[in-house]
Amino acid sequence: MNPQAKLIFTTSLFMGTTITISSNHWILAWTGLEINTLAILPLISKSHHPRAIEAATKYFLVQATASTLVLFSSMTNAWYTGQWDITQLSHPTSCLILTSAIAMKLGLAPFHFWFPEVLQGSPLTTGLLLSTAMKFPPITLLYMTSQSLNPPLLTTMAILSAALGGWMGLNQTQTRKILAFSSISHLGWMAIIIPYCPKLALLNFYLYTLMTAAVFLTLNSMKVLKLSTLMTSWSKSPTLSAILLLTLLSLAGLPPLTGFLPKWLIIQELTKQEMAPTATIISLLSLLSLFFYLRLAYCSTITLPPHTTNHMKRWHTNKPVNPSIAILTTLSIMLLPISPIILTIM
C-alpha cells in the first residue's frame, strides 16, 4: 500500500476515535464511528485477495447496520426527552436499541458471527487494530451510558459471549480465528461488569489490549497464521516462542500473570453485587478459553514437529526481538504485583 495512503487512513482512525471518545453529542459520536469504519476498510482489503474483499464487505455491512441503530436510538431518545447528550440516555427503548447496536459493533454474542470471518480475511496488523483500537470507541459509549443500561440484558449477552467464545474456539486451527473467539470471550467479561463498575470494564479493556497486542505482534514477527506453522517456529525463534507462551497464559487469566487481575476484580465486584452464581458461571466458562490458549502455548513451545512434516524447516534467526514486543510482553506478564497502585489510580 502507498505510504501516503496508509498515513491518511491511520490518521483518520486516530481522528475518528478521538471525536467519538471526546464528544457529548450523539451526532458527533456517530460521525467518529463512521470515520473509523471508512478508514479501516482499505486496510482490511489492501491485499486484494477475494477473502480480504469478502471480509471488508462483511465488516462494512455490519458496521453500517450498527451505526444506523446508534443513530436511530439517539433520535428516539431525543424525540421523547429532548436531549442529545450521550449521558442523558433515559428512554428504555433507546437503551435497548443502543445496547444491541454497540454489541453488534463490538462483536458481542449473539451479534458475533461477522468478527472471526473478518479477522481471518485481514492481515495480522489490521487484525490487531480490529481487536483493540476499533473496539475502544464503542466501549467508551457503553461507559458513558452505563448508568442507563439494562443489566439483565448485558449479563445474558456476557454469558453467551463467554460460552460461545470458548466453545467455538476449541476446534480452530487458524491463529486469527482463535484470537477472534478469544476477543469475544473477553468482551463477555467487560459486558458483565459495565453496569455495576464501568471503570473496572475499562481497566479490563486496557489490559486485554496490552496482552492481545503482544500476541498479535509476536505472531506477526514469526509470520505464523496457522497452528501447523506455529509448531515449527521454535527452531527459528526460541525466545519469541517462550515469550508467546507466557503472554498466552496471561491472556487466559492465570495467576500470577497480569491477565488474572481483571478477572479477580470482576469476580469480587459481582460477589459484592450478590451475583455469586453469575460469577461462578462465567468463571467456569472461561475454562473453555483456557483450553485453546493452552493448545496454542503447547504448539508454540512443547510440540516438536515430526520429521514427516509438510512444512519447510525454519532455520534459527539471530534477528533481535522488536522493542515494542518486549515492552508489551513485560507489561502482559508482570503487572499483577503492582495492582494496588493500579487500583489507587482508578
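- Going by what an unreviewed UniProt entry lists, the protein is known as NADH-ubiquinone oxidoreductase chain 2 and is assigned to Sitta himalayensis.
- Check the Function (unreviewed entry) section of the UniProt entry for the protein; it says "Core subunit of the mitochondrial membrane respiratory chain NADH dehydrogenase (Complex I) which catalyzes electron transfer from NADH through the respiratory chain, using ubiquinone as an electron acceptor. Essential for the catalytic activity and assembly of complex I."
- The UniProt entry for the protein carries this comment under Catalytic activity (unreviewed entry): "a ubiquinone + NADH + 5 H(+)(in) = a ubiquinol + NAD(+) + 4 H(+)(out)".

### Some points on the pattern of salt bridges
Consideration 1: According to the stated counting rule, one finds four salt bridges in the structure shown.
Consideration 2: Across the pair K58 and E54 runs a salt bridge, and its minimum N-O distance is 2.8 Å. Of this pair, K58 and E54 are both found in helix α3 (residues 50-81), four residues apart, which corresponds to roughly one turn of the helix.
Consideration 3: In this structure, K177 and E117 form a salt bridge, with 3.4 Å as the shortest nitrogen-oxygen distance. Here K177, found in helix α9 (residues 175-193), pairs with E117, found in helix α5 (residues 114-120); they are 60 residues apart in sequence, far enough to count as distant.
Consideration 4: If you follow the salt bridges from partner to partner, you end up with R51, E54, K58, E117 and K177 in one network.

### Digging into the packing of aromatic side chains
Consideration 1: The final tally for this structure, using the stated rule, is eight aromatic pairs.
Consideration 2: Consider the rings of F260 and W264, whose centres lie 6.0 Å apart with planes at 5°: the pair is stacked. Residue F260 and its partner W264 are located together in helix α13 (residues 260-272), separated by four residues, close to a single helical turn.
Consideration 3: A residue is classified by how much of its surface remains accessible, and W264, at 40% relative accessible area, is partly exposed.

### Brief notes about the nonpolar core
Consideration 1: Ranked by internal contacts, the top residues of the largest apolar core, which has 99 residues, are I40, I44, Y59, L130, I193, L219 and L230.
Consideration 2: Broken down by element, the residue count for this core peaks at 15 residues, all from helix α10 (residues 198-222).
Consideration 3: Residues from two domains meet in this core; each of domain 1 (1-121) and domain 2 (150-345) gives at least three.
Consideration 4: In this structure, Y59 is in contact with T37, I40, L41, I44, W114, V118, L130 and M134, ignoring residues within four places of it in sequence.

### Remarks on the state of the cysteines
Consideration 1: Within the structure shown, the criterion is met by zero disulfides.
Consideration 2: Here C95 is not disulfide-linked; the sulfur of C197 is the nearest cysteine sulfur, at 20 Å.

### As for unusual backbone geometry
Consideration 1: A cis amide bond links A109 to the next residue, P110, at an omega of 5°.
Consideration 2: Relative to the assigned elements, P110 resides in the loop between α4 (92-106) and α5.
Consideration 3: Following P255, the chain continues to P256 via a peptide bond in cis, the omega torsion being 5°.
Consideration 4: Positionally, P256 belongs in the loop between α12 (238-252) and α13.
Consideration 5: Its identity as a non-glycine residue notwithstanding, H48 has a phi of 60°, on the positive side.
Consideration 6: At K223, a position not held by glycine, the phi torsion is positive, near 55°.
Consideration 7: Inspection of the secondary structure assignment puts K223 in the loop between α10 and α11 (227-231).

The rules we used
Residues numbered from 1 in each chain as written. Predicted model: local features only at pLDDT ≥ 70, side-chain atom pairs only at ≥ 80, totals over all residues. Heavy atoms only, no water. UniProt positions renumbered as here; feature names shortened; annotations may be inferred. Salt bridge = Lys/Arg side-chain N within 4 Å of Asp/Glu carboxyl O. Helix = DSSP H or I, 4+ residues; strand = E, 2+ residues; numbered from the N terminus. Phe/Tyr/Trp six-rings, centres within 6.5 Å; stacked < 30°, edge-to-face > 60°. Buried < 20%, exposed > 50% of the residue type's maximum accessible area, 1.4 Å probe, protein only. Core = buried A, V, L, I, M, F, W, Y, C linked by side-chain atoms within 4.5 Å. Domains from an automatic or database assignment. Contact = heavy atoms within 4.5 Å. Disulfide = S-S within 2.5 Å.

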